[in-house]
Amino acid sequence: MKQRRPSLMMLLSLVIVALGLLGISLACPGSSTDPGVGPGDGKDIHDPPGDGGPGTEADGSTPHSPDGEAPDAPLPFGLDVRPSNPTCVAPPRPPDPAGVALERAFPELSFTQPLFALQAPGDNRRIYVVERGGRVRVFDSSVTPVTSSVFADLSGRVNTEHDETGLLGMAFHPNFATNGQVFLSYVGNNEMGGLRSYIVRYRSADGGATLDPASAELVLEQDQPFSFHNGGHLAFGPDGFLYFAFGDGGGRMDPNRTAQNPNELFGKMLRLDVDSARPYAIPPTNPYATAGGRKEIYASGFRNPWRWSFDRATGALWLGDVGEKLLEEIDRVELGGNYGWSVLEGTECVRGAGCDTTGLTPPVATYGRAEGVSVTGGYVYRGTAVPTLVGKYVFGDFGAGRVWTLPGDAQPGGGAKPELLFSTALSISSFAELNDGELLVVDFAGGGLHRIKASLPATPPPGGSSFPALLSATGCADPADVKLPSAGLIPYDVNAPLWSDGAQKERFIGVPDGTSMTVGPEGVLDAPPGTVAVKTFALGGRLVETRLFMRHPDGVWAGYSYEWNDAGTDAVLLETGKVKTVGTQTWTFPSRGECMQCHTAAAGFLLGLEVAQLNRNFKYPGGRLASQLGTLSHIGVLTLPAPPEQLPRMPAYNGPEPVEARAKAYLHVNCAVCHRPNGLGRGESDMRYATPVAGMKVCGVAPQHGDLGEAGAMLVAPGAPTKSMVSRRMHTLATARMPPLATAVVDTEGTALVDAWITSLHDCPEGR
């Protein structure tokens, strides 16, 4: 007979919400939305020993029991056998009502940080893929098996030391078949060691098999004051001219006001005549062709144009402009237009209430941080494979992995609303329009190309939706008591939990029978399709939310939020994000797009389920204290590369380790999901626990996204938390807050830990 745990309400009566320590998010970003920061996050719902609170040891035991007896001695394993899990298994993704799907194209090919893909005019077989590191690879899509070769190699010229530098764009001349000309855009170094953007003309002498490096002709160059907001995309328009877009040059809030300065190329769309003269001539209808500003300018007022395109049917120029902190925008760009930055961000005034919008063209559409964080412009679909998409503008978001559409005839200021097409776990760096009008999605982190195709909308089974609308129907709850997990779920805990506005939490993992997890890159567990991570939140003894983070049968990760009813008898699936008051506290239910802003490919998707976090003792149901890693390995759920004692372990926030180690653990959990190589965090800081302080790029580094009015501010100023933006942004709930996703309570314990580390620094380690 199955052993039952005490009811949740009985357990909650034992909770001591003391100083508490963090809990790690499994299903979605923070909560009030789980990329919160700081240690005082409260106990787990059932308050097991070893949640990192005061009076607990890192191994989960207590220093002394109340009656003075010795602490519990760890046992070899917490579970003798693996529980059968036939019910808590990820189902297929929710049906797509639009009849559109995404599939991996050319699965035998994988690229390194691909940023763009395209075909040469008139060549419907070969596809060229631009890799950020400086190479362009080409493959023949009609050959089986498909293999790629190097078309161009600029790896010795591009700068890849910064997240937004590298080889950024490529365009074939419309007459490529006869003149062999190809234009590449990249960021490299200048003579003084600074950064410079280049547009270079090359020739292919063998019909597009390779590019002749000796044929290089410089077209345009521009020094870059910062390492980001470089733009970099280029393409030929229907008028035969070469178009190129620069970002505003970097810095928070366009500090040098370049985007509105007609004498600067920054924040502009340029138009060049590359045929009438070398390196180029000025089209006579450019706005400043004769006087008043830089002659190359076609349109102005952009922050960081990331991918734009011409509608091959109408010639309309569509552009995705990445926002600062509030809104992402889609623009329809016309000759001489001014698209607002940095007077406006989308439709909002940048520098306080009220601004002069005279002469500014509003965006076609915007979306906020609940939907995504970094827009990727796309194309108006003119293919034939997906009839429902014909004439619609298709675009996406790099951070959220979501893809939307807009009407192809939508106009600026017309109030068009993006319509969600589908959600993915991809880092969408670009779309690619093939010569037949079909679209590919380029995945920066995963390295693959994905094809947008038609699909039959799934038919719901009799009686309702095929995706469970109630937590009780997911198979992840005990059918006799929905407050309890199903029998196949395995509880676990972490060494360094994530701040979740003081919520109490329970965590479980469900792995399909007959499968197991392995240890992937950076120690994050690689879970098989069907895996479900479960996390339940309570505030003041009241159940609030349960999140399921699932790897669906097709391998795609997605997060789902279930809101508990007031009676605590069941929880309902939310289709969108939501904010509500729970007691005296504001609680944010993350949208599915927000889930994927933290659970990214760069972070390994399964936040918290990493070796260093799980390497600790845990008191299992029944009171057996044992190694989590050892137990998971013993029952066949996890294959370890070495015994637990030989694997890394992250310290608890109140552990005996030096303050630097504990503070770094905190930053890893609360900040490194974004602030890491290829992450979504702005700037170049690397907050991962394994990164030495000298390599974190925070100590002694001036902030590039604002100093909050603090003279001499640094990201980390040794000995001075008040001058350290890492600390200051944790202390505030204003828009400058980090992490930015909807935490409504400052974590005093967490900020104190980080401040103690900063105070302990006498200077910055060498090598910063």
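All chains use their own residue numbering, which begins from 1 and follows the written sequence. Under the rules for a predicted model, residues below a pLDDT of 70 receive no local features and side-chain atom pairs below 80 are neither given nor counted, while totals for whole chains, interfaces and linings still include all residues. Neither water nor hydrogens contribute to the side-chain values; these are computed over all heavy atoms in the structure.

### Here we look at helix α8 (residues 748-760)
For α8, spanning 13 residues, the distance from its first C-alpha to its last is 18 Å, which sits close to the expected 18 Å at 1.5 Å a residue. Per-residue accessibility, obtained with a 1.4 Å probe over protein chains only, is compared with the maximum for each type, and a residue is labelled buried under 20%, exposed over 50%, and partly exposed between these values. By definition, any uninterrupted DSSP run of H or I lasting at least four residues is a helix, any uninterrupted run of E lasting at least two residues is a strand, and each is numbered from the N terminus. Within α8, burial applies to Gly750, Thr751, Leu753, Val754, Asp755, Trp757 and Ile758. Residues count as neighbours in contact if any of their non-hydrogen atoms are within 4.5 Å of one another. Taken together, the buried residues of α8 touch α6 (659-670) and α7 (725-731). In the analysis that follows, any N or O atom pair within 3.5 Å is treated as a polar contact, provided that within protein one partner can donate a hydrogen and the other can accept it, and provided that, for residues neighboring in sequence, both atoms belong to side chains. By the N-cap criterion, in which a side-chain oxygen at the helix start approaches the backbone nitrogen of a residue two or three places on, α8 is capped by Asp747, the distance to Glu749 being 3.3 Å. Given the number of residues in a helix, its expected span is that number minus one, multiplied by 1.5 Å.

### Details of the packing of aromatic side chains
Pairing of aromatic side chains requires ring centres within 6.5 Å, counting the rings of Phe and Tyr and the six-membered ring of Trp. Pairs whose planes differ by under 30 degrees are stacked, by over 60 edge-to-face, and all others tilted. Under the defined criterion, the tally for this structure stands at 26 aromatic pairs. On the numbers, 5.1 Å between centres and 75° between planes, the contact of Tyr243 with Tyr298 is edge-to-face. Pair noted here: Tyr243 is in strand β11 (residues 242-245) and Tyr298 is in strand β13 (residues 297-300), with a separation of 55 residues, a long-range link. Tyr298 gets classed as buried once you look at its relative accessible area, which sits at 10%. A connected cluster of aromatic rings, assembled from ring pairs, spans Trp318, Tyr367, Tyr393, Phe395 and Trp404. Directly above the ring of Trp341 sits Arg303, whose terminal nitrogen or CZ lies 5.7 Å from the centroid. By definition here, charges over rings are those cases where NZ of Lys or CZ of Arg is within 6 Å of the ring centre and within 35 degrees of the ring normal.

### Concerning the sheet that holds strand β25 (residues 439-443)
For two strands to count as paired, DSSP must find a minimum of two bridges between them. Taken in spatial order, the four strands of this open sheet run β1-β26-β25-β24, and their pairing is antiparallel. The open sheet terminates on both sides in strands that have one partner only, identified here as β1 (100-105) and β24 (428-433). Across the sheet, the axes of successive neighbouring strands diverge by a mean angle of 30°, strand direction being ignored. Every axis in this analysis is a line fitted to C-alpha atoms, fitted for helices over the stretch in contact. Angles between the N-to-C directions lie between 0 and 180 degrees.

### Brief notes about the state of the cysteines
What counts as a disulfide here is a pair of cysteine sulfur atoms lying within 2.5 Å. Evaluation of the coordinates by the stated rule reveals three disulfides. Here Cys88 pairs with Cys476 through a disulfide, and the sulfurs are 2.0 Å apart. Sign of the S-S torsion, about 85° for the bond between Cys88 and Cys476, identifies this disulfide as right-handed. Remark: Cys476 occurs in the loop between β26 (449-454) and β27 (477-478) and Cys88 occurs in the loop between α1 (8-12) and β1; sequence separation between them is 388 residues. Under the relative-accessibility criterion, Cys476 is labelled buried at 4%.

### Some thoughts on the environment of Leu75
In this structure, Leu75 sits in the loop between α1 and β1. Along the chain, Leu75 and Thr631 lie 556 residues apart, while their C-alpha atoms are 9.9 Å from each other. Setting aside its immediate chain neighbours within four residues, Leu75 contacts Arg624, Leu625, Ala626 and Ser627.

### Some words on the environment of Ser142
By the secondary structure assignment, Ser142 is in the loop between β4 (135-140) and β5 (148-153). A C-alpha to C-alpha distance of 9.1 Å links Ser142 and Asn124, two positions 18 residues apart in sequence. A distance of 2.6 Å separates the side chain of Ser142 from the side chain of Asp140, its partner in a polar contact.

### Observations concerning the sheet that holds strand β19 (residues 365-368)
Whether parallel or antiparallel, the strands of a sheet pair through hydrogen bonds between backbone atoms. Pairing within the open sheet is antiparallel, and its four strands lie in the order β14-β15-β16-β19. Among the strands making up the open sheet, the edge pair consists of β14 (305-310) and β19. Each adjacent strand pair in this sheet contributes to an overall mean axis angle of 15°, direction not counted. Bridge count between strand β15 (residues 317-321) and strand β16 (residues 327-333): five bridges; the pairing is antiparallel.

### Comments concerning the pattern of salt bridges
A carboxyl oxygen of Asp or Glu within 4 Å of a side-chain nitrogen of Lys or Arg is what we treat as a salt bridge. Applying the stated criterion across every chain, the model contains 33 salt bridges. Of the charged contacts in the structure, one is a salt bridge between Arg382 and Asp311, with a shortest N-O distance of 2.8 Å. In this pair, Arg382 sits in the loop between β20 (375-380) and β21 (392-397) while Asp311 sits in the loop between β14 and β15, placing the two residues 71 residues apart along the sequence. Assessed through its relative accessible area of 27%, Arg382 is described here as partly exposed.

### Some thoughts on the packing of α6 against α8
Interaxial distance between α6 and α8 falls to 9 Å at its minimum, and their mutual angle equals 135°. As summarised for this structure, α6 and α8 are arranged oblique, according to the angle between their axes. As for how α6 packs across α8, the hand of that crossing is left-handed. Counted together, Val659, Glu660, Arg662, Ala663, Tyr666 and Leu667 of α6 and Gly750, Leu753, Val754, Ala756, Trp757 and Ser760 of α8 form the full contact between these two elements. For the contact of α6 with α8, the class distribution of residues is eight nonpolar, two polar and two charged. An angle below 35 degrees is treated as roughly parallel, one above 145 as roughly antiparallel, one from 65 to 115 as roughly perpendicular, and anything else as oblique. Helix crossings are classified by the rotation of the near helix relative to the far one: an anticlockwise turn of less than a right angle makes the crossing left-handed, while a clockwise turn makes it right-handed. The residue classification treats Ala, Val, Leu, Ile, Met, Phe, Trp, Tyr, Cys and Pro as nonpolar and Asp, Glu, Lys and Arg as charged. All others, Gly included, are polar.

### Topic: the pairing of strand β22 (residues 402-407)
Counting buried positions along β22 gives five out of six residues, so the element sits mostly inside the fold. Judged from the five bridges that link them, β21 and β22 form a sheet pairing that is antiparallel. Counterpart to Tyr393 in the pairing with β22 is Leu406. In this antiparallel pair of consecutive strands, β21 and β22, the connection spans four residues, and Gly401 shows a positive phi of 70°. As defined by bridge partners, β22 adjoins strand β23 (residues 419-423) across four bridges and the pair is classed as antiparallel. Paired with Arg402 across the bridge in β23 is Ser423.

### Examining the environment of Lys325
Take Lys325: it is sitting in the loop between β15 and β16. Aside from chain neighbours lying at most four places away, what touches Lys325 is Arg252, Glu345, Arg369, Arg682 and Thr735.

Spatial relationships are all this shows, so hold off on functional conclusions.
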